[in-house]
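So the chains spell out like this:
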Amino acid sequence: RGYQCCGEEVVADSAPVMFCSLDLPKILAEMHDRGVKCEMSTDAGRFLCNYVFFHSLHAAKPFDIPVLFVHVPPFKDMDHAAQVVGLLCLFMAIARQLRDAPVSVPQRSGRLMG
């Protein structure tokens, strides 16, 4: 089912492992406090999800922009209303965390990130 890389660099000459800079345990605790059923994972998958997440982390790193990847379950596992509530709680938790973080303004380089 499609190409699946194993042991190959996603981005040439980059760090072999990159992580989200947000305080994920704090976000997870807030979501659980609001009744959202969710869990944290250290695996974005092996196909397009990992590729997109890693490229996003790599492109955002010089600008100190946090990147988060979220797998949203299919509607058969979590209905539409629960997904909307969960995502809104996630966005609010992230916004609260970023509001309390020091502000850094990236310098314009004359090109798009990436």
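Residues numbered from 1 in each chain as written. Predicted model: local features only at pLDDT ≥ 70, side-chain atom pairs only at ≥ 80, totals over all residues. Heavy atoms only, no water.

## Re the packing of helix α1 (residues 24-33) against helix α3 (residues 80-99)
- Relative orientation of the contacting elements α1 and α3 amounts to 135°, with a least axis distance of 10 Å. One finds that α1 runs oblique with respect to α3. Our pair here, α1 against α3, has a crossing hand that is right-handed. In this structure, α1 uses K26, I27, E30 and M31 to contact α3, whose residues at the interface are G86, C89, L90, A93, I94, R96 and Q97.
- In terms of residue class, the contact of α1 with α3 is made up of 6 nonpolar, 2 polar and 3 charged. (Axes fitted to C-alpha atoms, helices over the stretch in contact; angles between N-to-C directions. Helix = DSSP H or I, 4+ residues; strand = E, 2+ residues; numbered from the N terminus. Parallel < 35°, antiparallel > 145°, perpendicular 65-115°, else oblique. Left-handed = near helix turned anticlockwise from the far one by under 90°. Contact = heavy atoms within 4.5 Å. Nonpolar A, V, L, I, M, F, W, Y, C, P; charged D, E, K, R; others polar.)

## Structural notes on the pattern of salt bridges
- Considering all chains together, one arrives at 4 salt bridges under this definition.
- Note that R34 and E30 form a salt bridge whose closest N and O atoms lie 3.7 Å from each other.
- The closest approach of N and O atoms between D100 and R99, which form a salt bridge, is 3.5 Å.
- Owing to a relative accessible area of 57%, D100 belongs among the exposed residues under this scheme.
- Of the residues examined, R99 reaches a relative accessible area of 60% and is grouped as exposed. (Salt bridge = Lys/Arg side-chain N within 4 Å of Asp/Glu carboxyl O. Buried < 20%, exposed > 50% of the residue type's maximum accessible area, 1.4 Å probe, protein only.)

## Observations regarding unusual backbone geometry
- Of note, the phi angle at D64 is positive, near 55°, even though the residue is not glycine.
- A residue is classified by how much of its surface remains accessible, and D64, at 56% relative accessible area, is exposed.

## So, the environment of V70
- Along the polypeptide, V70 turns up in the loop between α2 (48-60) and α3.
- The spatial distance from the C-alpha of V70 to the C-alpha of M40 is 9.2 Å, given a sequence separation of 30 residues.

## Here's the deal with α3
- End to end, α3 covers 28 Å across 20 residues, agreeing with the expected 28 Å (1.5 Å per residue, within 8%).
- When α3 is considered as a whole, its buried residues turn out to be Q83, G86, C89, L90, A93, I94 and Q97. The buried residues of α3 all sit within an arc of 130° when viewed along its axis, so they share a single face. Exposed side chains of α3 directed beyond 90 degrees from the buried face belong to H80, A81 and R99.
- For α3, the secondary structure elements touched by its buried residues are α1. (Expected span 1.5 Å × (residues − 1). Arc of directions from axis to C-beta.)

## What about a nonpolar patch on the surface?
- A cluster of nonpolar side chains, contributed by F47, L48, Y51 and V52, occupies part of the molecular surface with about 400 Å² of accessible area.
- Here L48 is to be found in helix α2. (Patch = residues over 30% accessible without salt bridge, like charges linked within 9 Å, V, L, I, M, F, W, Y side chains within 5 Å. Areas by Shrake-Rupley, 256 points an atom, 1.4 Å probe, with all protein chains shown as cover.)

## So, the packing of aromatic side chains
- A full pass over the atoms with the stated rule returns 1 aromatic pair.
- Measuring from centroid to centroid gives 5.9 Å for F53 and F69, while their planes differ by 45°, and the two rings are tilted. Of this pair, F53 sits in helix α2 while F69 sits in the loop between α2 and α3; the two residues are 16 residues apart in sequence, bridging distant segments of the chain.
- Taking relative accessible area as the criterion, F69 reaches 26% and is therefore assigned partly exposed. (Phe/Tyr/Trp six-rings, centres within 6.5 Å; stacked < 30°, edge-to-face > 60°.)

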